[in-house]
Amino acid sequence: MKNSAKVKALINELEALQQNLHGKDFLLTWENSVDNLKAVMLVAEILQLLHLEKKPWRIFDYGLAISIFRDNSTRTRFSFASAVNGLGLALSELDEVKSQIAHGETVRETANMISFLTEVIGIRDDMYPGEGHTYMVEVADAVTEGFQNGVLAQRPSLVNLQCDLDHPTQSLSDLLKLKDYFGGWENLKGKKIAMSWAYSPSYGKPLSVPQGVINLMTRFGMDVVLAHPEGYDLLPETLETASGFARASGGSFSLTHSMEEAFHNADIVYPKSWAPMAVMQERTRLLRGGDKQGLKDLEQHCLAENARHIDWECDEARMQLTKNGNALYEHCLPADISEVSCKRGEVAKSVFERYRLHTYQEAGYKPFVIASMIFNSKVPNAAAKLKSFF
Amino acid sequence: MKNSAKVKALINELEALQQNLHGKDFLLTWENSVDNLKAVMLVAEILQLLHLEKKPWRIFDYGLAISIFRDNSTRTRFSFASAVNGLGLALSELDEVKSQIAHGETVRETANMISFLTEVIGIRDDMYPGEGHTYMVEVADAVTEGFQNGVLAQRPSLVNLQCDLDHPTQSLSDLLKLKDYFGGWENLKGKKIAMSWAYSPSYGKPLSVPQGVINLMTRFGMDVVLAHPEGYDLLPETLETASGFARASGGSFSLTHSMEEAFHNADIVYPKSWAPMAVMQERTRLLRGGDKQGLKDLEQHCLAENARHIDWECDEARMQLTKNGNALYEHCLPADISEVSCKRGEVAKSVFERYRLHTYQEAGYKPFVIASMIFNSKVPNAAAKLKSFF
Amino acid sequence: MKNSAKVKALINELEALQQNLHGKDFLLTWENSVDNLKAVMLVAEILQLLHLEKKPWRIFDYGLAISIFRDNSTRTRFSFASAVNGLGLALSELDEVKSQIAHGETVRETANMISFLTEVIGIRDDMYPGEGHTYMVEVADAVTEGFQNGVLAQRPSLVNLQCDLDHPTQSLSDLLKLKDYFGGWENLKGKKIAMSWAYSPSYGKPLSVPQGVINLMTRFGMDVVLAHPEGYDLLPETLETASGFARASGGSFSLTHSMEEAFHNADIVYPKSWAPMAVMQERTRLLRGGDKQGLKDLEQHCLAENARHIDWECDEARMQLTKNGNALYEHCLPADISEVSCKRGEVAKSVFERYRLHTYQEAGYKPFVIASMIFNSKVPNAAAKLKSFF
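The residue count restarts for each chain, going from 1 along the sequence in the order it is written. Here the convention is simple: chains get letters from A, ligands get numbers from 1, in the order in which they are written. Restriction of local features to residues with pLDDT of at least 70 applies here, the model being predicted, together with a cutoff of 80 or more for giving and counting side-chain atom pairs; totals for whole chains, interfaces and linings are based on all residues.

1. Overview of the interface of chain A and chain B
- Every contact between the two is made by 25 residues of chain A and, on the other side, 26 residues of chain B.
- Each helix is a run of H or I in the DSSP string that is no shorter than four residues. Each strand is a run of E no shorter than two, and both are numbered from the N terminus. Elements that contribute at least two residues to the side of chain A that touches chain B include exactly β2 (90-93) and α4 (107-113) of chain A.
- It is α4 of chain A that provides the largest number of residues to the side of chain A that touches chain B, a total of 4 residues.
- Throughout, the ten residues Ala, Val, Leu, Ile, Met, Phe, Trp, Tyr, Cys and Pro are labelled nonpolar, Asp, Glu, Lys and Arg are labelled charged, and all others, Gly among them, are labelled polar. Looking at the side of chain A that touches chain B, its residues break down into 10 nonpolar, 11 polar and 4 charged. It is the C-beta atoms, placed from the backbone, that decide contacts: two residues are in contact if theirs lie within 7 Å.

2. Structural notes on the relation of the copies chain A and chain B
- The copies were overlaid by least squares, fitting only the C-alpha atoms of residues that reach a pLDDT of 70 or more in each copy. The operation relating chain A to chain B is a screw motion whose rotation component is 120°, with 0.0 Å of axial translation and a residual RMSD of 0.0 Å. Overall, the copies show the geometry of a three-fold rotation axis. Minimal C-alpha distance to the rotation axis in chain A is attained by Ala90 of chain A, lying at 4.5 Å.

3. Focus: the packing of helix α2 (residues 34-52) of chain C against helix α14 (residues 366-378) of chain C
Residues and elements named next belong to chain C.
- Angular values range over 0 to 180 degrees, each being the angle between N-to-C directions of two axes fitted as lines to C-alpha atoms, with helices fitted over their stretch in contact. Where α2 meets α14, the closest approach of the two axes is 8 Å, and the angle between their N-to-C directions is 115°. Here α2 runs over α14; the crossing is right-handed. Mapping the contact onto sequence places Ala39, Val40, Val43, Ala44, Leu47 and Gln48 in α2 and Phe368, Val369, Ala371, Ser372, Met373, Phe375 and Asn376 in α14.
- Of the residues that constitute the contact of α2 with α14, the class distribution is 10 nonpolar, 3 polar and no charged. In a left-handed crossing the near helix is turned counterclockwise from the far helix by less than a right angle, and in a right-handed crossing that turn is clockwise.

4. Thoughts on the sheet that holds strand β4 (residues 157-163) of chain A
Residue and element names in this part refer to chain A.
- Two strands make a pair as long as DSSP finds a minimum of two bridges between them. The 4 strands are arranged β2-β1-β3-β4 in an open sheet whose pairing can be described as parallel. Single-partner strands in this sheet number two, and they are β2 and β4. Across this sheet, the average inter-strand angle for adjacent strands is 20°, counted without regard to direction.

5. Here we look at unusual backbone geometry
All names here are of chain B.
- Here the bond from Leu333 into Pro334 is cis, since omega is -5°, no more than 30 degrees from zero.
- Along the chain, Pro334 falls in the loop between β9 (328-329) and α13 (349-364).
- For Leu333, which is not glycine, the phi dihedral falls at a positive 60°.
- The topology assignment puts Leu333 in the loop between β9 and α13.

6. Digging into the sheet that holds strand β6 (residues 223-227) of chain B
All names here are of chain B.
- Here we have 5 strands laid out as an open sheet, ordered β7-β6-β5-β8-β9, and parallel in their pairing. The sheet is open, and its two borders are formed by β7 (252-256) and β9, each paired with just one other strand.
- Bridge count between strand β8 (residues 268-271) and β9: 2 bridges; the pairing is parallel. Within β9, the position partnered with Val269 by the bridge is Tyr329.

7. Here we look at the domain arrangement of chain A
All names here are of chain A.
- When its domains are assigned, chain A resolves into domain 1 (4-166 + 365-387) and domain 2 (170-364).
- Taking only C-alpha atoms into account, the centre of domain 1 sits 26 Å from that of domain 2.
- Facing 21 residues of domain 1, the contacting portion of domain 2 comprises 25 residues.
- Sort the elements by how many residues they give to the side of domain 1 that touches domain 2 and helix α2 (residues 34-52) lands first, with 6 residues.
- Per-class residue counts for the side of domain 1 that touches domain 2 are 13 nonpolar, 2 polar and 6 charged. For the domain bounds, the source is a domain assignment made automatically or taken from a database.

8. Describing the nonpolar core
- Within the largest apolar cluster, 369 residues are counted, with the highest numbers of intra-cluster contacts made by Val224 of chain A, Val224 of chain B together with Val224 of chain C.
- When neighbours within four sequence positions are excluded, Val224 of chain B is seen to be in contact with Ile193, Met195, Ile214, Met217, Thr218, Ala242, Ala246, Gly251, Ser252 and Phe253 of chain B. To count as a nonpolar core, a set of buried Ala, Val, Leu, Ile, Met, Phe, Trp, Tyr and Cys residues must be joined through C-beta atoms within 7 Å. Each residue is classified by how many other C-beta atoms fall within 10 Å of its C-beta atom, where C-beta atoms are placed from the backbone; a count of 20 or more means buried, 12 or fewer means exposed, and values in between mean partly exposed.

9. Notes on the interface of chain C and chain A
- With 26 residues of chain C in contact, the opposing surface of chain A contributes 26 residues.
- Elements represented by at least two residues in the side of chain C that touches chain A include exactly β2 (90-93) and α4 (107-113) of chain C.
- Ranked by residue count, the leading element in the side of chain C that touches chain A is α4 of chain C, at 4 residues.

10. Considering helix α7 (residues 208-217) of chain B
- Of all 10 residues in α7 of chain B, 10 are buried, a share of seventy percent or more.
- Those residues of α7 of chain B not exposed but buried are Ser208, Val209, Pro210, Gln211, Gly212, Val213, Ile214, Asn215, Leu216 and Met217 of chain B.

11. Points about the environment of Val43 of chain A
All names here are of chain A.
- Locating Val43 in the fold gives a position in helix α2.
- Overall, Val43 belongs to the buried group, with 29 C-beta atoms counted inside 10 Å.
- When the C-alpha atoms of Val43 and Ser372 are compared, they prove to be 5.5 Å apart, with 329 residues separating the residues in sequence.
- When sequence neighbours within four positions are dropped, the list of residues in contact with Val43 reads Leu14, Ser372, Phe375, Asn376 and Ala382.

12. Topic: the confidence of the model for chain A
- Model confidence for chain A is summarised by a mean pLDDT of 94, while 97% of its residues fall at 70 or above.
- Counting interchain partners and residues more than four positions distant, the pLDDT-below-50 stretch residues 100-104 of chain A has 14 contacts. Per residue, pLDDT measures the predictor's confidence, with a range of 0 to 100.

13. Points about the pairing of strand β5 (residues 192-197) of chain A
All names here are of chain A.
- Most of β5 sits inside the fold, with 6 of its 6 residues counted as buried.
- Burial along β5 is two-sided: Lys192, Ala194 and Ser196 facing one way and Ile193, Met195 and Trp197 facing the other are all buried.
- Where β5 lies against strand β6 (residues 223-227), 5 bridges are found, and the strand directions are parallel. The partner of Ile193 across the bridge, within β6, is Val224.
- When the strands point away from the viewer and the path from the first strand over the helix to the second turns clockwise, the crossover is right-handed. A crossover connection joins β5 to the parallel β6 through helix α7 (residues 208-217); in handedness this β-α-β unit is right-handed.
- Pairing of β5 with strand β8 (residues 268-272) involves 5 bridges; the strand directions are parallel. Bridge pairing in β8 places Ile193 opposite Ile268.

Structure (structure tokens):
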């Protein structure tokens, strides 16, 4: 194998970690130790290198992986499909329209009914504050009960493909891109990242990406600045945990209402729109109540509010404020690109185009991050298993 | 293998049977000998034990399994997906909306067009009396013609995933649960099972579950009592066959219009709602004619009629009437549980909760029953093949 | 292997060809040399023979095949599913409704986002003149860029599952049927094929089948006659290329407005409806503009125009005009069969029924043609690889 020295070095690093991912779900980065996070990323890098040389990394003879998407998705859907295929599982998507879930089934029943030969359940449920993570925990409890009572032969591992709180497969991909770009986790210490709100002509984008980024980058000694217009708050508890992580890692975490201040001298910028938490909560209330006029009014109000901040764009002038004028631009994609996907959006056309292939590479880690989460949950000795592949 | 003694004993039983499942479709239990039914159940048990220890039971190198769902489904959909995956096939669902079937294709053409590399076709078509089974036979004839005329390299085996007459993958799962619970088929002789109608706030549920249950349990010497309010008749020919089976097996079959009488001293109760046959037939007529007002009126009428029997609930008082007050509760799921999935339904909350995990285990046989039907149809010597797996 | 002599002879033929399919997409037959086309067909025949004896022809350990259907499909959908399954890939369908493509993603971004572990992309986009082929080229360029810039570990191969210009998997299946029926390509020289418009009560059928047929059969020395009522023109450039091919191969190509003239002494007839190019272009314009009334009017106008040519039916009288009254009838299916799928259609019931199983066999080549296109694109030495399978 061409890259075998590189792979071996990564396996050595992996062996040195104190991780406890085996048998666990992966729901939130902040439930995991830094060693757990590093283990997920190292195995992802190794699987990607194996894939480069088409060395198979199958660990299952058969079995299903189930995805439940409660929101639209392209890249996460295909990332999950790719990951489970590489591991040897067949994908089945649970389509809540075609199924009988609407007929009054409880979560715990459905979770068991779909899991008799299921090794993994990936869930995306990001639209309603207070809902997504709660739902994932309910599913996790249900399959635990089923496994412990002889209903299931194995307990499926859960992977959070985006919830109301966190988007771990995204933020770990973002971090892997930074690791590669800056040459290792050590080099991230003291690097400044601006996680900034940006204008979008759409509304209702979830909060999990910024919440995930501020809670992950602070674990690795980075100087994380969160920027947004007043009123576009994230869930308060996610700011508290980020502050704690920054203190523990020797990094820092601060909040500003100025995009310029956040960009000033930044090594990395992550300009991305989201809806204010209060709007998302109100939206959930209206949706539940079936209040269509209320939803229409809320959308109008919210778009008008957004429009007051149309200048929050990652343009060339703001990029000039960053370290040497060439901070790395990150985005979870798809970005709202001014004059490309909308008249005015999150990022200027020229800025996006300059970093476009970087964002593709950033996204390219996701299948391997997902595969790694499953791999680590299922394989008792990940390093030994990886060695067997080449 | 931990369970190898158990598996070997089951294989010995299998070898003693006079079955002729090879090369056959599985459409109705009553087309099959008792030995055929036992063979399906034994192989299902063996595959489940192999799965418990993750011993692969793949029999195909490649090939498709196609499912055609003309009604919603969660558990059957995932059971089929799991079964065919374990056997080595890739699942393709025929979505009649996305396909060109609406463009005037005949059944025989479509059946061949999707089958060039197809080993199995699973069909659910349970909503219209006189339709589902007929459709399955048409598909079967079409692929036979294609195979015999050099269109298809192999003849796909058909599996009935629920039709208007029977629901064999369900009833065989129900029976496997009974076999396990009471310790063998021999112990089922003389056991009383109450297959009873129960109230539901929904309408239009198919008849195939009760028809399947009374025609299967009577084959194994059980005392089968069918109970329903007047007017909620099943297809008359299914009562006749059930009577004949009871006579042949030394069991009994009777009909009552009292839920209490059915529950009295019962060893097993199966309370489950269904629509009167006459309503299902009228509904089919109206649907075909596109008579929306007629359908609305029929639904109102039928719900009002149902409401007259709201007391047909499997509650604690009725459970007290059963043998020692603790008959086994069975259900095909999802159940309409009073105060859980609806205000008032088929079963009281406390009764369902006490048997909930039993119903999950009952459902857990289904993937293996489906796999077994395919296995027996495709493998000339099932016992020999099973021995090769461990 | 029973057919090993036959397979070996085909492999010998394959080895004698000067083909350059490795690493290429398959978008249009007329971009390919005759040797390329023969290589696709020979490998398809070999894979079909291997399948007859259930000899696996897997070439991938893992990986995705993605299909993008922008028009309904049954046979092409299942052909693609079968082909990629046999080759060892898992199918993922890109459903543009469920994905975020509607949210302003560009083609080049999506193409990369779905391709991190993807080996093949099959696309059907046949409804809009000037669109389908252009879209495929855009996707091809996008994955080339991704592959060259370290975004993708492999460049997925593209397969045209029907575009606005050509339908190569169909026309090559049609040709394989002719090869089998007449006993070899050599025997096709001088054979007359009538590619004729036929009446259909529906409207808006794409042009790619007739365009594909006239541009493929002319490569093999056949006498190709295109027949249609005045106004039902194909894209003019496709007539030009067909004329050139006929000259080069020693065949001929001509156009007539008489179905009888085309059928006279024909060895093969291919009666099939399509919409006039001008209508398809107008329809595209109206669809883009969201002009619902305009679309309704166009449909009415077009159906009325069609109705003027209701006598363009492949009936028994016209079949009598063909060589010995028994020309081979071909169709891509589903056909509009008079008195079966519609009151009056493309073909008389008795004619279709006589050739029905032939049309099924014709369709039966498609999974293997698709598999062959992928096989030839991915395997550097196809003949050597094929030899390894038996």
